[in-house]
Amino acid sequence: MSVQEQIGSEGFSAAGKIAPTILEARKITKRFGGFVAVNGVELSVRRGERIGLIGPNGSGKSTLTNCLCGTLRIDDGAIEFEGESIALLPAHKRARRGVARSFQLPKPFHSLSLIENMRVPLEFTVCSRKGTHMSKAEMRDRSFDLLEVFGLASKAQRLPGDLTQVEMRKLELARAMATDPKLLFSDEAMAGLSHSEVDEILELLLKLNSTGVSIIFIEHIIRAVMTFSERLVVLVAGQKIADGDPKSVIENQHVIEAYLGQ
Ligand code: ADP
Ligand code: MG
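Because the structure is predicted, anything quoted here is derived from the model rather than measured.

S.K.: Please give an account of the coordination of the magnesium ion (ligand 2) that cites residues and values.
M.R.: Every protein donor of the magnesium ion (ligand 2) is accounted for by Ser62 (OG) and Gln104 (OE1), and the metal-donor separations fall at 2.1 to 2.4 Å. In this pair, Ser62 is assigned in helix α2 (residues 61–69) and Gln104 in the loop between β6 (99–102) and α4 (114–124), connecting sequence segments 42 residues apart.

Next comes the structure, spelled out in structure tokens:
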């Protein structure tokens, strides 16, 4: 019996009902030359779910994220988002449908102020959706409101270069949230932060999730992963070795040997 079968996965929403599946990825495979970085990974995500994605460095977490968000094209497999295939769509079209991500290394527009950094994703996703029109003033208000949620409103007119490391991570998440996503991938948003800064980001992610956004949280800080996750997925050498209840996964001998024991 596989680890996944032993553990199982329930996927109940807060109301006790089983939430609908939003993302269904089947047999995702990505090769770089002859090297298989992601090997036949299956992943389904329910609406509003909080999933922790862990694994050693180089195990394929960012590559899987890139494949699902469209930064990379998959070599094999299928990806459905809200019941429709998105595998052939470029990243910006997936973003318009509601798939967002923050990059492991923040990628703001360095020559634009924070508020302008928010306007760009807003304009290219939310405003490009059918039936959505936003005036310049509405876009400004929306951008400012988001900066406020992330505690960056007082620096709205400043450049990203003026931010501290934790503020930069917040900006990266705020820019992803500006696309009004249904599913957010947070790729190592806490690396190098202090204990209290980790808590700040954790609190923000929980707040975003409480609005109904499904979140895939990629992180090495196990304390944060265990606090955040309703379900835990483990990748090792491009393969999924566990998927289920966080406590059962983290105590699984196979997972301990392959990752935690390192
Ligand atoms: P993780 O995010 O789990 O640390 P990555 O997905 O970044 O792992 O990397 C998985 C493997 O794929 C690593 O061995 C990495 O060197 C390799 N890899 C990632 N991106 C590329 C690329 N663009 N070209 C070649 N190899 C890559
Ligand atoms: Mg990575």
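S.K.: Explain the side chain of Ser59 to me, and be specific about the residues and the numbers.
M.R.: Here Ser59 is to be found in the loop between β3 (50–54) and α2. One polar contact links the side chain of Ser59 to the main-chain carbonyl oxygen of Pro56, over a distance of 2.7 Å.

S.K.: Requested: an account of the environment of Arg231, with residues and values cited.
M.R.: Of note, Arg231 is situated in strand β9 (residues 231–236). Judged by its relative accessible area of 5%, Arg231 is buried. With 181 residues separating them along the chain, Arg231 and Arg50 place their C-alpha atoms 6.6 Å apart. At 2.8 Å, the side chain of Arg231 and the side chain of Asp243 are in polar contact.

S.K.: Which residues make up the packing of α4 against helix α5 (residues 136–149), and what values go with them?
M.R.: For the pair α4 and α5, the least separation of the axes is 9 Å and the interaxial angle reads 115 degrees. For the pair α4 and α5, the sense of crossing is right-handed. For the pair α4 and α5, contact is made by Leu114, Ile115, Met118, Arg119, Leu122 and Glu123 and by Met139, Arg140, Arg142, Ser143, Phe144, Leu146 and Leu147, respectively. The residue makeup of the contact of α4 with α5, split by class, is eight nonpolar, one polar and four charged.

S.K.: Summarise the packing of α4 against helix α6 (residues 165–177); cite the residues concerned and give the values.
M.R.: Contact pair α4 / α6: the axes reach a minimum separation of 8 Å and the direction vectors enclose 30 degrees. Taken as a pair, α4 and α6 cross one another with a handedness that is right-handed. Touching Leu114, Asn117, Met118 and Pro121 of α4 are Leu171, Ala174 and Arg175, all from α6. Of the residues belonging to the contact of α4 with α6, the class tally is five nonpolar, one polar and one charged.

S.K.: Give me the sheet that holds β3: which residues, what numbers.
M.R.: Across the sheet, which stays open at both edges, the six strands sit in the order β6-β7-β8-β3-β9-β10 with mixed pairing between neighbours. Here the strands that pair on one side only, and so sit at the sheet edges, are β6 and β10 (239–244). The sheet shows a mean angle of 15 degrees between the axes of neighbouring strands, taken without regard to direction. With four bridges connecting them, β3 and strand β8 (residues 214–218) associate as parallel partners.

S.K.: I'd like a rundown of the pattern of salt bridges, residues and numbers included.
M.R.: Counted by the stated rule, this structure contains 17 salt bridges. The shortest N-O distance in the salt bridge between Arg231 and Glu49 comes to 3.1 Å. Linking Arg231 in strand β9 with Glu49 in the loop between β2 (35–46) and β3, this pair joins segments that are 182 residues apart in sequence. Each of Glu49, Arg231, Lys240 and Asp243 takes part in one network of salt bridges that share partners.

S.K.: So what's going on with the sheet that holds β2? Residues and values would help.
M.R.: Strand order in this open sheet of four strands is β2-β1-β4-β5, and the pairing throughout is antiparallel. Both outer strands of the open sheet, β2 and β5 (84–85), are each paired with one neighbouring strand and no more. Here strand β1 (residues 21–32) pairs with strand β4 (residues 76–81) via five bridges, running antiparallel. Each bridged residue has a counterpart across the sheet, and for Glu24 the counterpart in β4 is Glu80. Across the sheet, α2 lies against β1, β2 and β4, angled at about 120 degrees from β1, the strand it touches most.

Reading the values: the criteria
- Residues numbered from 1 in each chain as written.
- Chains lettered and ligands numbered in written order.
- Predicted model: local features only at pLDDT ≥ 70, side-chain atom pairs only at ≥ 80, totals over all residues.
- Heavy atoms only, no water.
- Donors = N, O, S within 2.8 Å, 3.2 Å for Na, K, Ca; no water.
- Helix = DSSP H or I, 4+ residues; strand = E, 2+ residues; numbered from the N terminus.
- Polar contact = N/O pair within 3.5 Å; in protein donor to acceptor, adjacent residues only side chain to side chain.
- Buried < 20%, exposed > 50% of the residue type's maximum accessible area, 1.4 Å probe, protein only.
- Axes fitted to C-alpha atoms, helices over the stretch in contact; angles between N-to-C directions.
- Left-handed = near helix turned anticlockwise from the far one by under 90°.
- Contact = heavy atoms within 4.5 Å.
- Nonpolar A, V, L, I, M, F, W, Y, C, P; charged D, E, K, R; others polar.
- Pairing = 2+ DSSP bridges.
- Salt bridge = Lys/Arg side-chain N within 4 Å of Asp/Glu carboxyl O.

In short, shape yes, function no, at least from these values alone.
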